[in-house]
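Listed below are the residues making up each chain.
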Amino acid sequence: MTRRRRPGVRVAIRAVAPEVTMIPSSPPGPRLLGPLLAELRAARGWSQQRLAAELCAASGVPTLTRHEVSRWERQLRLPGDFWSAWLATVLGVPGELLAGAAASSRRLGATPVAVDPAGSRARLALLTLAHRWAADPGGGTLAGPFAGPTTSPVPGPATGDGYGPPGADGSAGPGRRHPADGASLATLRRWDDLLGGGDLAGLGARRLRRSVRGYRRAGPAGRRRMLPSLAESAQLAGWLAADAGDLTGGLVAYRLALRAAVAAGEPPLAGHVLGSASHLLADAGDPAGALVLARIGYGASRVTASPGLRALLLHRVALAAALGGRRRAAGEALAGADRAGPPEPGREPPWLYWLDAAELAAMTGRTLVALGRPAAAVPLLTPVATAPGRPRRSAVYGGWLARGHLALGAEPEACAVAGEALLDAVRSGSPRAIGQLTEFRRGLARRPPGPATRGYARLLAAARPYLPSRHRWRQSPPVSCQARRDGGTTGAGPNR
């Protein structure tokens, strides 16, 4: 009979994977054990099978299966003291954290946790891929569906921007385009400044599908040239899907973008992809996963990244850390972003055209709001939140600014800013734009009613029918860049 060993400090150090320093602790406050275990496991990029194997190896008890891990995460059953101790060891977290979550679960009853299976799978797949890139910066194991080498592509643009049938040299020819796809990638990015994901996500998805089809049809030389454009198309499609409230579609597109960027030998673009995905998870209420992606994106691309990109990625780290209650990590990331300096003209990639010193200052402001430092945040947020011409940006930062004023006890100013942000959310048609306004409304509900709060309530009631709602996408098979042996193609494109 195998003797059960209690975990010790030295055993714990040997049992925990090298990337433990990248796994954040959970936000403060009571947590349910099932979601917490799933969050910590996914942040490492582990499957339930992998976690079960790690527990068996560390404890010397070979009988634990992934089915038991699944029961814990669904809260059909709670682990006992023995497995709780080993879970803390393998996952690299304090035992008190799991004990508190287990106590909360017992008080509420161990009931199954409702999760979105597709979203959970897409999140875990992207986290796993990100960890693989961190372990293999050259990207040899990530090339997957891409037939070309993982070094820098052959110079020169791909003909036709990756659309239409192959040309004589194997590159994609101009072909025929859907009327809605006539805009260039740069133009579609500019439209994103003015319109929300509800209007543009379908266009971004169609463009990505057509780009993938062009890649499949191209010859080896054409494929190498098309990889950066494919990665940019997938990144933008993921951003637009996220802005429309399609979590799964955004994660699937970001995964394709990461593969293409790494295969193209473009670490800065790959880092930007993970930074965008981190922003998506932060908005979705997953600061732990957001912090993991942001740290990997910055760590794997900082050597070749431009000053503006380094600052942006550090701001992604800072926001995720602040939302997760990691004040010291957030402060260190903000200091690093400040040292990186503002974007430098001529050194920044074209897909970072929108980043300037004012935007970086506003990013600092929203992180300071999340850290509970509204007095320092308000002056940084005000110029961007009140600037005309970009309604979604004004709505997003206006929501943070309203929260800052509210934290300072200035309800009239907070309601005035929130009212303007509410109108900008309607103008932009972006579901993401109303996220911080929802948080503001919750905070306002805890304050005594007054003329300003009642006025905002009337405005909200009048605007409610016109507020953008999360888009319901029709499920479709994920994107695949592999060509079938018979000359056909596999996959049908991202979720619509």
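Higher on the page you've got the structure.
Just so it is clear, the model here is predicted, and its values are computed rather than measured.

**Q** I keep staring at the overall build of the protein chain and nothing clicks. Help me out?
**A** Scanning the protein chain from terminus to terminus reveals 21 helices and zero strands. By residue count, 56% of the 496 residues in the protein chain fall in the buried class. Within the protein chain, counting contacts between residues at least 6 apart in sequence, those at least 24 apart form 69% of the total. Accessible surface, the protein chain as shown: approximately 21,400 Å² in total, 56% of it carbon and sulfur.

**Q** Is there a simple way to think about the environment of Leu188 in this case?
**A** Within the element layout of this structure, Leu188 appears in helix α8 (residues 185-194). When the C-alpha positions of Leu188 and Leu200 are compared, they lie 8.3 Å apart, and in sequence the two are twelve residues distant. Ignoring any residue separated from it by four or fewer positions in sequence, one finds Leu188 in contact with Leu200, Leu203, Gly204, Arg207, Leu236 and Leu240.

**Q** Help me understand the pattern of salt bridges, please; the structure alone is not making it clear to me.
**A** Close approach of charged atoms allows side chains with opposite charge to pair. Going through the model one piece at a time under the given rule, you end up with 17 salt bridges. Here Glu54 and Arg50 are joined by a salt bridge, their closest N and O atoms 2.8 Å apart. Here the residue Glu54 and the residue Arg50 both occupy positions in helix α3 (residues 48-59), the gap between them amounting to four residues, near one helical turn. Looking at Arg50, the relative accessible area reads 37%, which means it is partly exposed. Across the salt bridge formed by Glu359 and Arg393, the nearest N and O atoms sit 3.0 Å from each other. Residue Glu359 is found in helix α16 (residues 357-370), and its partner Arg393 is found in helix α18 (residues 391-407); the two are separated by 34 residues along the sequence.

**Q** Before we go on, may I ask you to explain the packing of helix α19 (residues 411-428) against helix α21 (residues 451-463) in this structure?
**A** Relative placement of two packed helices is described by the angle separating their axes and the distance separating the axes. Direction vectors running N to C along α19 and α21 enclose 10°, while the axes themselves pass 9 Å from each other. Taken together, the axis directions place α19 and α21 in an arrangement best described as roughly parallel. Touching Glu411, Pro412, Cys415, Ala418, Gly419, Leu422, Leu423 and Val426 of α19 are Ala452, Thr453, Tyr456, Leu459, Leu460 and Ala463, all from α21. Partitioning the contact of α19 with α21 into residue classes produces eleven nonpolar, two polar and one charged.

**Q** Got a minute to help me understand the packing of α8 against helix α9 (residues 197-217) in this structure?
**A** Taken N-terminus to C-terminus, the directions of α8 and α9 make an angle of 160°; their axes are 11 Å apart at the nearest point. When the interaxial angle is binned, α8 and α9 end up roughly antiparallel. For α8 against α9, the interelement crossing comes out left-handed. Note on element contacts: α9 touches α8 through Leu200, Leu203, Gly204 and Arg207, opposite Leu185, Leu188, Trp191 and Asp192. In terms of residue class, the contact of α8 with α9 is built from five nonpolar, one polar and two charged.

**Q** Help me understand helix α2 (residues 33-43), please; the structure alone is not making it clear to me.
**A** Think of an α-helix as 3.6 residues a turn; residues three or four steps apart then line up on the same face. Of all eleven residues in α2, nine are buried; the element is thus mostly enclosed. For α2, the complete set of buried residues consists of Leu33, Gly34, Leu36, Leu37, Glu39, Leu40, Arg41, Ala42 and Ala43. The positive-phi residue at the C-terminal boundary of α2 is Gly45, with phi of around 80°.

**Q** I would appreciate a short explanation of the nonpolar core in the present structure.
**A** A general trend in soluble globular proteins is that nonpolar side chains are found buried together. Among the nonpolar cores identified, the biggest contains 108 residues, and Leu258 and Phe440 are the most heavily contacted of them. Residue contacts for Leu258: discarding those within four places in its chain leaves Leu126, Leu129, Ala130, Trp133, Ala270, Val273 and Leu274. One finds Leu37, Leu64, Leu91 and Val93 within the second-largest nonpolar core, a separate group that totals 26 residues.

**Q** Just to check I follow, could you spell out a nonpolar patch on the surface for this structure?
**A** Residues Trp191, Leu194 and Leu195 make up a contiguous nonpolar surface patch of about 250 Å² in total accessible area. The class for Leu194 is partly exposed, based on a relative accessible area of 44%.

**Q** It is not clear to me how the packing of aromatic side chains should be interpreted in this structure. Could you clarify?
**A** The description of two aromatic rings rests on the distance between their centres and on the angle between their planes. On inspection of all chains with the given rule, the structure shows two aromatic pairs. Plain terms: the ring middles of Phe82 and Trp83 are 4.9 Å apart, the flat faces sit at 75° to each other, and that makes the pair edge-to-face. Phe82 gets classed as buried once you look at its relative accessible area, which sits at 12%. By relative accessible area, Trp83 is classed as buried at 14%. Geometrically, the ring pair formed by Phe440 and Tyr456 is edge-to-face, given 5.4 Å between the ring centres and 85° between the ring planes. Pair noted here: Phe440 is in helix α20 (residues 435-445) and Tyr456 is in helix α21, with a separation of 16 residues, a long-range link. For the pair shown, Phe440 and Tyr456 are each scored as buried. Stacked on the ring of Trp46, the Lys or Arg Arg44 has its end atom at 4.9 Å from the ring centre. If you follow Arg223 out to its NZ or CZ, it ends over the ring of Tyr215, 4.9 Å from the centre.

What counts as what
Residues numbered from 1 in each chain as written. Predicted model: local features only at pLDDT ≥ 70, side-chain atom pairs only at ≥ 80, totals over all residues. Heavy atoms only, no water. Helix = DSSP H or I, 4+ residues; strand = E, 2+ residues; numbered from the N terminus. Buried < 20%, exposed > 50% of the residue type's maximum accessible area, 1.4 Å probe, protein only. Contact = heavy atoms within 4.5 Å. Areas by Shrake-Rupley, 256 points an atom, 1.4 Å probe, with all protein chains shown as cover. Salt bridge = Lys/Arg side-chain N within 4 Å of Asp/Glu carboxyl O. Axes fitted to C-alpha atoms, helices over the stretch in contact; angles between N-to-C directions. Parallel < 35°, antiparallel > 145°, perpendicular 65-115°, else oblique. Nonpolar A, V, L, I, M, F, W, Y, C, P; charged D, E, K, R; others polar. Left-handed = near helix turned anticlockwise from the far one by under 90°. Core = buried A, V, L, I, M, F, W, Y, C linked by side-chain atoms within 4.5 Å. Patch = residues over 30% accessible without salt bridge, like charges linked within 9 Å, V, L, I, M, F, W, Y side chains within 5 Å. Phe/Tyr/Trp six-rings, centres within 6.5 Å; stacked < 30°, edge-to-face > 60°. Lys NZ or Arg CZ within 6 Å of the ring centre and 35° of its normal.

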